[in-house]
Amino acid sequence: MPLTDMQQAYLANCNHRWNIKTGATGSGKTFLDCLAVIPKRVLACKGEGLIVLLGNTRGTLERNVLEPMRDIWPGLVGQISGDNTLSMFGHKVYALGADSKKHIARLQGATIEYGYGDEITTWAQGVFEMLKSRLRCAHSHFDGTCNPDNPNHWFKTFLDSDADIFQQAYTIDDNTFLTPEFVENIKAEYLAAGNAYYQRYIMGKWATADGSIYRLFSDEPARFIVTRDWLQSHPLQAVTIGVDFGGMGSGHAFSCTGFERGYKSLITLAEWYHNPKKTGRTLDPHQIEAAFVDFARMCAQEY
């Protein structure tokens, strides 16, 4: 069966402990696993540990991975039984949901010879942390896929670490077997949903979206950045300083806000923030006062 250039590159390089494909929806990530990667790994297992397939839920794992595998490999991929196992190419395989750590308590203490992960960014982080300590055969491998999430996601932090990882980032255009009409339509649909979703599910990039209050700003922050030259040509009518003193160990914040003449625009000119949980130190009232005086003087001098 023909493969895309990205799929061929994955097969040629997925010899690391962690092998991860991130990127666009419909880019061919999971199809390659169903066709070649999972069968290859399962058949190579020596019986030294468990074979475990994980999805967001057992239902999504069934829909995204197991059903397509049965279509490609009829008679070689069984149904999930009541104990969450199935037969695959003559091997016993566990099929579990990873949305809650309690769902995989049965794996506590077990050695995992091969692990596969679908939709990893939807998992409970504790599940992944447990998995890292269980891949302890000398030849253990993990293959996984996900759509990108926000840039501060715990899995992105892992991907940026110095672990033994081979990773690919797919765009929708990497699947050269899709029709131009389909690609055009799906691009338009995600663009209408917001730039962040287009960046994630079409361009395969990690982009902020969930929890955004001001969508226009979070989707395209560059549109809202002002420069010194802009301020020179847009005189300010007033400047105010907002103060938020945190209590019970929370942070303190100062914000300097400018109002363009005629109140046409609202501009954040400067900010100050102290988070004792991040710095490891708490400011006393005199230190907060000194910080505020310095901030106010700077704002008066600058604006």
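Figured I'd write up the structure that's included with this text. Just so you know, these numbers come straight off a predicted model, no measurement behind them. (Residues numbered from 1 in each chain as written. Predicted model: local features only at pLDDT ≥ 70, side-chain atom pairs only at ≥ 80, totals over all residues. Heavy atoms only, no water.)

1. Notes on the pattern of salt bridges
Taken as a whole and assessed by the stated rule, the structure comprises 8 salt bridges. Note that Glu129 and Lys132 form a salt bridge whose closest N and O atoms lie 3.0 Å from each other. Here Glu129 and its partner Lys132 are both found in helix α4 (residues 125-134), 3 residues apart, which amounts to about one turn of the helix. In this structure, the salt-bridge partner of Asp173 is Lys187, at a minimum N-O distance of 3.3 Å. With Asp173 in the loop between β7 (165-170) and α6 (180-193) and Lys187 in helix α6, the pair connects residues that are 14 residues apart, well separated along the chain. Judged by relative accessible area, which is 44%, Asp173 ranks as partly exposed. For Lys187, a relative accessible area of 22% gives the class partly exposed. (Salt bridge = Lys/Arg side-chain N within 4 Å of Asp/Glu carboxyl O. Helix = DSSP H or I, 4+ residues; strand = E, 2+ residues; numbered from the N terminus. Buried < 20%, exposed > 50% of the residue type's maximum accessible area, 1.4 Å probe, protein only.)

2. Observations regarding the sheet that holds strand β1 (residues 18-23)
Pairing is mixed across the open sheet formed by 7 strands, whose spatial order is β3-β4-β2-β5-β6-β1-β7. Strands at the two margins of the open sheet, each flanked by one partner only, are β3 (85-88) and β7. Neighbouring strand axes in the sheet, compared pairwise and without regard to direction, differ in orientation by 20° on average. Across the face of the sheet, α4 comes into contact with β1, β2 (50-55), β5 (112-117) and β6 (141-146) while running at roughly 150° to β1. (Pairing = 2+ DSSP bridges. Axes fitted to C-alpha atoms, helices over the stretch in contact; angles between N-to-C directions. Contact = heavy atoms within 4.5 Å.)

3. Concerning the sheet that holds strand β10 (residues 266-274)
With respect to topology, 3 strands assemble into an open sheet ordered β8-β9-β10, the strand pairing being antiparallel. The open sheet has two free edges, formed respectively by β8 (236-244) and β10, since each of these has just one partner strand. Strand-to-strand twist across the sheet, computed as the mean angle between neighbouring axes with direction ignored, equals 15°. Alignment of β8 against strand β9 (residues 252-260), held across 8 bridges, turns out to be antiparallel. Looking across to β9, one finds that Ile241 is bridged to Cys256. Each of β8, β9 and β10 touches helix α11 (residues 285-302); the most contacted strand, β9, lies at about 20° to it.

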